[in-house]
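Examination of the molecular architecture
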Amino acid sequence: MADKGAVSGRILRGVGGFYYVAAGGETIEAKPRGIFRKTGFKPLAGDFCRLSINEDGKGIIESVGERRNFFLRPPVANLDRICFVVSTCEPAPNFQALDGLIAVAERKKTEPFIIITKTDLKPGGEILELYKNAGFETYAADYRNPESIAAIKSALSGKVSAFCGNSGAGKSTLLNALDASLGLATAGISRKLGRGKHTTREARLYPFEGGYIADTPGFSRIEPGQDELILKDELQYCFREFAPYIGKCRFSGCLHKAGKGCAVLGALEAGEISSSRYKSYFAMLCESERIKAWERR
């Protein structure tokens, strides 16, 4: 068929070899060119792309733009923010696991955004203070106070955001509070496809407040692939509160484990860096010392 022209768009989701692309105020069904299969490159939800449109209104993905970031599991690209949903209780927060995920987000140049839930069951002031002091935007979702939800909405306006939270942390309740239709759609996908199965890792972008929210049945956590492994020399740069002290240690190449003259440890002793965050750093450092550069693609 004759070509109607070419347009630019953003991939909203891909399923069964077909992609659905937001372009020119509509959603266009498209298939990628065969060259993608030959090279092993797979377009992802969130990718910017160039489409050629046939007379039947179907599209062909001709090219995919350079990615600012991407994740393997869930498969999504070009996120502005990852919203980490942390409950005050039931389940209790696992700060080391949370800090590990935040470090991955930092390395991927994706802004971490902390949302505290279940504050009606247990106050979340300590968690709020911990992550605000570390330099992160942190909010408490109090469903008794509509202003708290409005503040989260405003902060996410115009952004492409993904939500990440342990089972039971209240992610679905939060999504429903932010946008009832969005929450229902997310629950529907989870019921239909089955949460956690390897065949159901479909990421999808939903319009939200001038931007998008990315969700997927498997998005209870980020699963680091080889390219998300953080090497020991890089890890300190994934803890933003270390930044004022990096390069000020007595010895060059300091990894802030022990020894006199370490500016980071000095800040820890002075209470300028939280012991919780430093414990997470130390645990990750011990793990990263076993990772070799060649292990990361």
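Scope of this entry: the structure provided in the associated data block. (Residues numbered from 1 in each chain as written. Predicted model: local features only at pLDDT ≥ 70, side-chain atom pairs only at ≥ 80, totals over all residues. Heavy atoms only, no water.)

**As for the packing of aromatic side chains**
- One pass over the structure, following the stated rule, counts nine aromatic pairs.
- Taking the centre distance of 5.5 Å and the plane angle of 80° together, the rings of F239 and Y281 count as edge-to-face. In this pair, F239 sits in the loop between helix 7 (232–235) and helix 8 (263–269) while Y281 sits in helix 9 (residues 275–288), placing the two residues 42 residues apart along the sequence. Across the pair, Y281 and F239 agree in class, each one buried.
- R13 extends its terminal NZ or CZ atom over the ring of Y20, reaching a point 4.7 Å from the ring centre.
- We note K108 situated over the ring of F71; from NZ or CZ to the ring centre the distance is 5.7 Å. (Phe/Tyr/Trp six-rings, centres within 6.5 Å; stacked < 30°, edge-to-face > 60°. Helix = DSSP H or I, 4+ residues; strand = E, 2+ residues; numbered from the N terminus. Buried < 20%, exposed > 50% of the residue type's maximum accessible area, 1.4 Å probe, protein only. Lys NZ or Arg CZ within 6 Å of the ring centre and 35° of its normal.)

**Regarding the environment of K257**
- Structurally, the position occupied by K257 is in the loop between helix 7 and helix 8.
- The exposure class of K257 is partly exposed, given its relative accessible area of 36%.
- The spacing of K257 and Y281 is 24 residues in sequence and 9.4 Å in space, taken between C-alpha atoms.
- Contacts of K257, omitting those with residues within four sequence positions, involve L265, Y278, F282, L285 and E289.
- A distance of 3.3 Å separates the side chain of K257 from the side chain of E289, its partner in a polar contact. (Contact = heavy atoms within 4.5 Å. Polar contact = N/O pair within 3.5 Å; in protein donor to acceptor, adjacent residues only side chain to side chain.)

**Quick look at the pattern of salt bridges**
- For the structure on display, the rule yields 13 salt bridges.
- Among the salt bridges present, the one from E106 reaches R240, with a minimum N-O distance of 2.8 Å. Here R240 lies in the loop between helix 7 and helix 8 and E106 lies in helix 2 (residues 95–107), a separation of 134 residues in the sequence.
- A relative accessible area of 18% places E106 in the buried class.
- Here K257 and E289 are joined by a salt bridge, their closest N and O atoms 3.3 Å apart. Of the two residues, K257 sits in the loop between helix 7 and helix 8 while E289 sits in the segment after helix 9, which places them 32 residues apart along the sequence.
- Put simply, D99, E241 and R277 are held in one network by salt bridges that share partners. (Salt bridge = Lys/Arg side-chain N within 4 Å of Asp/Glu carboxyl O.)

**With respect to the environment of P91**
- Relative to the helices and strands, P91 is located in the loop between strand 8 (81–87) and helix 2.
- A relative accessible area of 28% places P91 in the partly exposed class.
- Along the sequence, P91 and G168 sit 77 residues apart, while their C-alpha atoms lie 6.5 Å from each other.
- Sequence-distant contacts of P91, that is, excluding residues within four places in its chain, are made with K118, S167, G168 and A169.

**Structural notes on the side chain of E241**
- Checked against the element boundaries, E241 lands in the loop between helix 7 and helix 8.
- Residue E241 is classed as buried on the basis of its relative accessible area of 9%.
- Within the structure, E241 has its side chain in polar contact with the side chain of R277 (distance 2.7 Å).
- With residues up to four places along the chain from it excluded, the contact list for E241 reads A134, I273 and R277.

**Here we look at helix 5 (residues 171–178)**
- Among the residues of helix 5, those classed as buried are K171, L174, L175 and L178. One face of helix 5 carries all of its buried residues, which in axial projection span an arc of 100°. (Arc of directions from axis to C-beta.)

**Let's talk about the nonpolar core**
- Formed by 47 residues in total, the largest nonpolar core has its most connected members in L79, F84, Y131, F239 and Y281.
- At the level of secondary structure, the elements contributing two or more residues to this core comprise strand 8, helix 2, strand 9 (111–117), helix 3 (125–133), strand 11 (160–165), strand 13 (211–215), helix 8 and helix 9.
- The greatest single-element share of this core, amounting to six residues, is contributed by helix 2.
- Not counting the four nearest positions on each side in its chain, Y281 is found in contact with L235, Q236, F239, F242, L255 and H256. (Core = buried A, V, L, I, M, F, W, Y, C linked by side-chain atoms within 4.5 Å.)

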